[in-house]
Amino acid sequence: MHSSGGQRGIALIEALVGIAIFSFGVLGLIGLQASMTKSQSAAKYRADAGNLAGELMGVMWGDVGGNLVNYGGDSCKAYPRCAEWASKVARTLPLGTSRVAVNIVQPGPSWIADVTVELRWSQPGESANVYRTQTRVQPQ
């Protein structure tokens, strides 16, 4: 008979090491999943911001009569079409705000205006995001 006193518990130590390695792998996958979810949310909000800005531009192009100035600055809150859109921005983007600037660059019967739409939002625990687009509007 020979004594195996020095080898006792090796299987248990190997199992514990294996469990520790597996646990670190699972934690890594959980971190990766959280990072992917955060990136996916950020991409969705950027896409939503682009769609919302494009939507307002389309509304403005369809309403170019004499109403274009109603979209700029504080006038937006009083003009139903713009106020409805601003409300949609606040509902769609987290902490979403909007600012529209209308700059008439050529007044008169064949006027031309530069329009800037800026959207801001902020995901919890992150810095503010900004989406800004600009177009030139003139009657046909």
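Owing to the predicted nature of the structure, the values given are computational and were not obtained by experimental measurement.

**Student:** Please give an account of the packing of aromatic side chains that cites residues and values.
**Tutor:** For the coordinates displayed, the defined rule picks out 1 aromatic pair. An angle of 70° between the planes, with centres 5.2 Å apart, marks the rings of Tyr 71 and Tyr 79 as edge-to-face. By relative accessible area, which is 15% here, Tyr 79 ends up buried.

**Student:** Give a detailed account of the confidence of the model for the protein, specifying residues and quantitative values.
**Tutor:** When pLDDT is averaged across the protein, the result is 87; 92% of the residues are at 70 or more. Across the protein, element-level confidence peaks in helix α3 (residues 80–92) with a mean pLDDT of 93 and bottoms out in helix α2 (residues 75–78) with 87.

**Student:** Describe in detail the packing of helix α1 (residues 10–62) against α3, supporting the description with residues and values.
**Tutor:** At a closest axis distance of 11 Å, the pairing of α1 and α3 adopts a crossing angle of 175°. Taken together, the axes of α1 and α3 are roughly antiparallel relative to one another. Between α1 and α3, the contacting residues are Tyr 45, Asp 48, Leu 52, Glu 55, Leu 56, Val 59 and Gly 62 on the first element and Arg 81, Trp 85, Lys 88, Val 89 and Thr 92 on the second. A breakdown of the residues in the contact of α1 with α3 according to their chemical character gives 6 nonpolar, 2 polar and 4 charged.

**Student:** Can you lay out the pattern of salt bridges for me, pointing to particular residues and giving the numbers?
**Tutor:** Where charged atoms of side chains with opposite charge meet at close range, the side chains can pair. Under the defined criterion, the tally for this structure stands at 7 salt bridges. Between Asp 48 and Lys 44 there is a salt bridge, with the nearest N and O atoms lying 2.5 Å from each other. Residue Asp 48 and its partner Lys 44 are located together in helix α1, separated by 4 residues, close to a single helical turn. If you follow the salt bridges from partner to partner, you end up with Arg 99, Glu 118, Arg 120 and Arg 132 in one network.

**Student:** Would you mind going over α1 in detail, with residue names and values included?
**Tutor:** Over its 53 residues, α1 extends 78 Å from the first C-alpha to the last, a length consistent with the 78 Å expected when each residue adds 1.5 Å. Along α1, the residues classified as buried are Ala 42, Tyr 45, Asp 48, Ala 49, Leu 52, Ala 53, Leu 56, Met 57 and Met 60. Each element contacted by the buried residues of α1 is listed here: α3, β1 (97–106), β2 (112–121) and β3 (129–137).

**Student:** Could you give an account of unusual backbone geometry, with specific residues and numbers?
**Tutor:** Even without a glycine there, the phi angle at Leu 95 is positive, about 55°. As for its position among the elements, Leu 95 is in the loop between α3 and β1. For Leu 95, a relative accessible area of 69% translates into the label exposed.

**Student:** Summarise α3; cite the residues concerned and give the values.
**Tutor:** Over its 13 residues, α3 extends 18 Å from the first C-alpha to the last, a length consistent with the 18 Å expected when each residue adds 1.5 Å. Among the residues of α3, Cys 82, Trp 85 and Val 89 are the ones counted as buried. Along the axis of α3, the buried positions cluster into a sector of 65°, meaning they face one direction only. Residues of α3 that are exposed and angled more than 90 degrees away from the buried face: Pro 80, Glu 84 and Arg 91. On its buried face, α3 sits against α1, α2, β1 and β2.

Definitions and cut-offs
Residues numbered from 1 in each chain as written. Predicted model: local features only at pLDDT ≥ 70, side-chain atom pairs only at ≥ 80, totals over all residues. Heavy atoms only, no water. Phe/Tyr/Trp six-rings, centres within 6.5 Å; stacked < 30°, edge-to-face > 60°. Buried < 20%, exposed > 50% of the residue type's maximum accessible area, 1.4 Å probe, protein only. pLDDT = per-residue confidence, 0-100. Helix = DSSP H or I, 4+ residues; strand = E, 2+ residues; numbered from the N terminus. Axes fitted to C-alpha atoms, helices over the stretch in contact; angles between N-to-C directions. Parallel < 35°, antiparallel > 145°, perpendicular 65-115°, else oblique. Contact = heavy atoms within 4.5 Å. Nonpolar A, V, L, I, M, F, W, Y, C, P; charged D, E, K, R; others polar. Salt bridge = Lys/Arg side-chain N within 4 Å of Asp/Glu carboxyl O. Expected span 1.5 Å × (residues − 1). Arc of directions from axis to C-beta.

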